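If you want the building blocks of each chain, they are given just below.
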Amino acid sequence: MNNDEIKAALTSKSRSAKLERRGKIISFLCIALIVIAVFAIFAFVAVRGIATFVGTKVTLWNFLSKTAWAPGTTDASGVPKLGALPMITGSFGVTLLSALLATPFAIGAAVYMTEISPKWGEKILQPVIDLLVGIPSVVYGFIGLSVVVPFIRNTFGGTGFGILAGTFVLFVMILPTVTSMTISALKAVPRRYREASLALGATRWQTIYKVVLRSATPGILTGIVFGMARAFGEALAVQMVIGNAALMPKNLISPASTLTSVLTSGIGNTVMGSLENNALWTLALLLLLMSLAFNLLVRWIGNKGAMK
Amino acid sequence: MNAKTADKIATGTLRAIAGIIVLILASLLGYILLRGVPQISWHFLTSPSKAFAAGGGIGIQLFNSLYLLLLAMIISVPLAMGAGIYLAEYAKPSWQTDFVRTAIEILSSLPSVVVGLFGFLIFVLQFKMGFSILSGALALTLFNLPLLTRNIEDALRQVSFAQREAGLALGLSRWETVLRIVIPEALPGIISGLVLGAGRVFGEAAALIYTAGQSAPALDFTNWNPASISSPISPFRPAETLAVHIWKINSEGIQPDAAAVSAGASAVLIIVVLLFNFLARYLGQRLHKKITAS
């Protein structure tokens with residue numbers, strides 16, 4: 001080998017170093033793509049959603065507080081009838097009610113699994129929860145439509161469609177999410193807490209209630225918020241059982257609508273760029289912002305309640 | 001009330017709650033399988049659906065679901081691999097990394113209908129792909145990427161650091177260490193993550209309604225030209241999947257046997273998802289045994 005060749009071999013990068021560089025760049029591009037996608041989603045939906053208020057007589061306050069949703073028609077003063085309050089009420093109604101219903105069941109099941117009968121829980125309850133997570137949402141919707149809606153119709157009268165039916169369907173859908181997060185919160189409570197409490201003469205229930213549940217509260221809250229986020233964003237299962245009437249819900253069994261149900265049934269029937277269409281994108285923006293808010297809430301609970 | 005009685009009552013209540021949850025799942029599965037399985041026949045699984053008459057099948061929808069799943073996985077797995085490797089191996093703890101993690105978390109918690117609408121705006125309208133399998137696969141990729149990335153990152157992190165040190169000590173670059181040592185070791189975890197993700201993608205409908213479309217044109221299974229609209233492997237044709245079909249016939253369908261068809265289709269959907277679940281467990285354990293010395 002002459003000097004030039006040796007010099008070239010020593011000063012240029014080895015095959016390995018080139019490979020390393022290429023690998024690092026490729027994997028970085030993948031991660032960059034995901035971040036760009038997140039920004040693009042927010043940007044595109046926001047541009048469409050804000051267009052509703054630009055150059056029209058619709059104001060944000062009217063949009064959020066009026067109850068008449070009839071895109072394409074205007075009221076006496078020429079303002080388009082775009083009041084999203086019925087959908088907002090519907091969305092929050094089903095979300096809060098289903099979380100309220102699911103929480104005691106989820107905590108009960110999680111306590112049973114971690115504190116009372118871990119063996120039975122591990123063998124039966126854990127697979128049951130895993131399977132419930134895996135069932136597609138349209139199947140829940142179909143069962144809601146063919147079992148829950150007729151049941152409500154026969155028991156309470158009316159059509160059976162409405163917030164109550166949506167609540168039942170969402171209850172079963174978010175139950176596994178909340179339960180499995182509560183289980184991990186309970187498992188994170190150190191064993192010595194329980195031992196200390198039992199050594200003081202407390203019964204098992206006193207230990208669970210006064211020690212274990214108290215110290216797992218932040219984790220349990222996080223689970224509930226995650227469940228609510230899932231319920232708020234669920235589209236098809238709810239759309240199938242809620243009745244799809246953009247009216248203020250009078251009671252739990254009158255047909256109602258949610259942000260997601262109006263979106264799924266409406267986007268295909270409006271012309272891109274029209275006010276009716278833009279109003280739907282505003283609803284999508286609202287959904288996006290709510291999911292962001294749930295995210296922030298989870299973070300806040302996590303920071304506030306972290307065990308030090 | 002005395003403490004011991006309270007303890008007994010509480011234990012009883014908790015036991016009842018656990019029982020109720022098991023009962024809910026049992027009745028859900030029982031209902032779907034009892035009503036749906038009698039509908040399933042070779043004819044039902046292979047013949048095309050009918051819009052107005054009874055006796056339609058789900059053949060095309062089933063094929064579309066599988067094909068769409070395949071395409072979505074082909075696109076999302078390499079991306080998630082790259083992203084997972086970067087997060088597990090290269091990213092240093094800093095605010096930039098935190099930011100990336102937050103972005104992934106937000107993407108994973110977005111409602112799937114919003115992801116679908118974004119896909120409609122970008123892929124269907126902006127890129128002019130129309131309602132097509134390709135648009136659907138890209139939307140599903142967005143839906144699948146965050147969870148898959150997190151799965152892969154976790155699997156890679158489980159690999160002990162000594163393995164990496166051994167690779168580096170032998171003179172391998174970090175990238176080679178990851179490809180040759182860390183990934184094979186983490187493979188069981190990665191595979192079960194992939195299969196679970198596949199189950200999730202297979203049952204997804206909200207992200208597909210406005211991307212892959214709601215119609216299932218007839219397919220000619222002798223035509224293998226990917227550019228032809230009637231070819232089963234064409235990525236440019238609209239494709240209604242099984243999950244979308246169930247939603248569609250229940251919300252706006254007019255078939256006289258809509259209930260029977262959706263019961264059968266639901267049963268097929270659940271059976272496939274259950275298969276994916278068992279497969280994930282089985283493959284994970286099997287691979288672990290085969291690759292490691294244990």
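Keep in mind it's a predicted model, so treat the numbers as computed, not measured. (Residues numbered from 1 in each chain as written. Chains lettered and ligands numbered in written order. Predicted model: local features only at pLDDT ≥ 70, side-chain atom pairs only at ≥ 80, totals over all residues.)

Trainee: Just to check I follow, could you spell out the overall build of chain A for this structure?
Mentor: Helices and strands together make up the secondary structure of chain A, namely twelve helices and two strands. Along the chain direction, N to C, the helices and strands of chain A fall in the order α-α-α-β-β-α-α-α-α-α-α-α-α-α. Computed over its C-alpha atoms, the radius of gyration of chain A comes to 26 Å, more than 25% above the 19 Å expected for a compact globule of 308 residues. Judged by the C-alpha coordinates and their principal axes, chain A covers about 90 × 70 × 35 Å. (Helix = DSSP H or I, 4+ residues; strand = E, 2+ residues; numbered from the N terminus. Rg over C-alpha atoms; globule rule 2.2 N^0.38 Å.)

Trainee: Please clarify how the overall build of chain B should be interpreted in this entry.
Mentor: Summing up its helical and strand segments, chain B has ten helices and zero strands in all. When the helices and strands of chain B are placed in sequence order, the string is α-α-α-α-α-α-α-α-α-α. By principal-axis analysis of the C-alpha atoms, chain B measures approximately 70 × 70 × 40 Å. Counting only residues that meet the buried cut, chain B has 45% of its 294 residues in that class. By sequence separation, contacts in chain B at least 24 residues apart represent 74% of the contacts at least 6 residues apart. (Buried ≥ 20, exposed ≤ 12 C-beta atoms within 10 Å, placed from the backbone. Contact = placed C-beta atoms within 7 Å.)

Trainee: Just checking my understanding: could you explain unusual backbone geometry for this structure?
Mentor: Excluding glycine, residues mostly have negative phi values, and the peptide bonds linking residues are mostly trans. Despite not being glycine, Asn244 of chain A has its phi angle at roughly 55°, a positive value. Unusually for a residue other than glycine, Lys128 of chain B sits at a positive phi of about 55°. As for its position among the elements, Lys128 of chain B is in the loop between α5 (112-126) and α6 (133-158).

Trainee: Explain the environment of Asn64 of chain B here, please?
Mentor: All names here are of chain B. If you trace the backbone, Asn64 turns up in helix α3 (residues 59-90). By the C-beta count within 10 Å, which is 27 here, Asn64 ends up buried. Between the alpha carbons of Asn64 and Gly171 there is a distance of 47 Å; along the sequence they are 107 residues apart. If near-sequence neighbours (up to four positions away) are discounted, Asn64 is found in contact with Ala216, Ala239, Glu240 and Thr241.

Trainee: Looking at this model, I keep getting lost on α5 of chain B. Mind explaining?
Mentor: Because an α-helix completes one turn every 3.6 residues, residues spaced three or four positions apart along the sequence face the same direction. Residues and elements named next belong to chain B. Taking 1.5 Å of rise per residue, the 15 residues of α5 would be expected to cover 21 Å, and the 20 Å separating its terminal C-alpha atoms lies within 8% of that figure. Taken as a whole, α5 carries its principal kink of about 30° at Gly119. With 13 of its 15 residues buried, α5 lies for the most part within the structure. Once α5 finishes, Lys128 follows within two positions and takes phi at roughly 55°, a positive value. (Expected span 1.5 Å × (residues − 1). Bend = angle between axes of the 7 residues up to and from the residue.)

Trainee: Would you mind going over the packing of helix α6 (residues 137-156) of chain A against helix α9 (residues 242-251) of chain B with me for this structure?
Mentor: The description of two helices packed together rests on the angle between their axes and the distance between the axes. Here α6 of chain A crosses α9 of chain B at 25°, and the two axes come no closer than 9 Å. Taken together, α6 of chain A and α9 of chain B sit at an angle that is classed as roughly parallel. Crossing handedness for the pair α6 of chain A and α9 of chain B: left-handed. On the side of α6 of chain A, the interface is formed by Val138, Gly141, Phe142 and Leu145 of chain A, while α9 of chain B contributes Ala243, Ile246, Trp247 and Asn250 of chain B. Within the contact of α6 of chain A with α9 of chain B, the residues separate by chemical class into six nonpolar, two polar and no charged. (Axes fitted to C-alpha atoms, helices over the stretch in contact; angles between N-to-C directions. Parallel < 35°, antiparallel > 145°, perpendicular 65-115°, else oblique. Left-handed = near helix turned anticlockwise from the far one by under 90°. Nonpolar A, V, L, I, M, F, W, Y, C, P; charged D, E, K, R; others polar.)

Trainee: Would you explain the interface of chain B and chain A in this entry?
Mentor: Often, the extent of an interface is quoted as the loss of accessible area upon association of its parts. Across the contact, 65 residues belong to chain B and 68 residues belong to chain A. Broken down by secondary-structure element, the contributors of at least two residues to the side of chain B that touches chain A are α1 (3-36), α3, α4 (95-109), α5, α6, α8 (174-203), α9 and α10 (258-291) of chain B. Of all the elements, α1 of chain B adds the most residues to the side of chain B that touches chain A, at 17 residues.

Trainee: What is the right way to read the nonpolar core from this model?
Mentor: A general tendency of soluble globular proteins is for nonpolar side chains to be buried together. With 175 residues, the main nonpolar core has Ala165, Val169, Val241, Leu283 and Ala284 of chain A together with Val114 of chain B as its most contacted residues. A per-element tally of this core places helix α7 (residues 163-187) of chain A first, with 16 residues. (Core = buried A, V, L, I, M, F, W, Y, C linked by C-beta atoms within 7 Å.)

Trainee: Is there a simple way to explain the confidence of the model for chain A in this structure?
Mentor: Predicted coordinates in areas of low pLDDT are best not read in detail. Per-residue pLDDT for chain A has a mean of 87; in total, 98% of the residues score no lower than 70. Looking at the elements of chain A, mean pLDDT is at its lowest for strand β1 (residues 69-74) of chain A, recorded as 76, and at its highest for helix α8 (residues 191-199) of chain A, recorded as 93. (pLDDT = per-residue confidence, 0-100.)

Trainee: Can you help me understand the confidence of the model for chain B in this one?
Mentor: All names here are of chain B. Here chain B averages 86 in pLDDT, and 98% of its residues register 70 or above. Mean pLDDT per element in chain B: helix α2 (residues 42-46) is the minimum at 82, and α6 is the maximum at 93. Across the predicted assembly, pTM comes out at 0.89 and ipTM at 0.88.

Trainee: Sorry if this is basic, but what is going on with the packing of α6 of chain B against α8 of chain B here?
Mentor: Residues and elements named next belong to chain B. Close contact between α6 and α8 brings their axes to 8 Å; oriented N to C, the two are set at 150°. Compared by their axis directions, α6 and α8 come out roughly antiparallel. The two elements α6 and α8 meet at a crossing, and its hand is right-handed. Residue-level contacts link Leu140, Asn144, Leu147, Leu148, Asn151, Ile152, Ala155, Leu156 and Gln158 of α6 to Val182, Ala186, Gly189, Ile190, Gly193, Gly197 and Val201 of α8. When the residues that make up the contact of α6 with α8 are grouped by side-chain class, the tally is ten nonpolar, six polar and no charged.

Trainee: Would you mind going over the environment of Leu213 of chain A with me for this structure?
Mentor: Residues and elements named next belong to chain A. Summarising the element assignment, Leu213 is placed in helix α9 (residues 204-233). A residue is classified by how many C-beta atoms lie within 10 Å of it, and Leu213, with 19 of them, is partly exposed. Each C-alpha atom of the pair Leu213 and Ile107 lies 9.0 Å from the other, and the pair is 106 residues apart in sequence.

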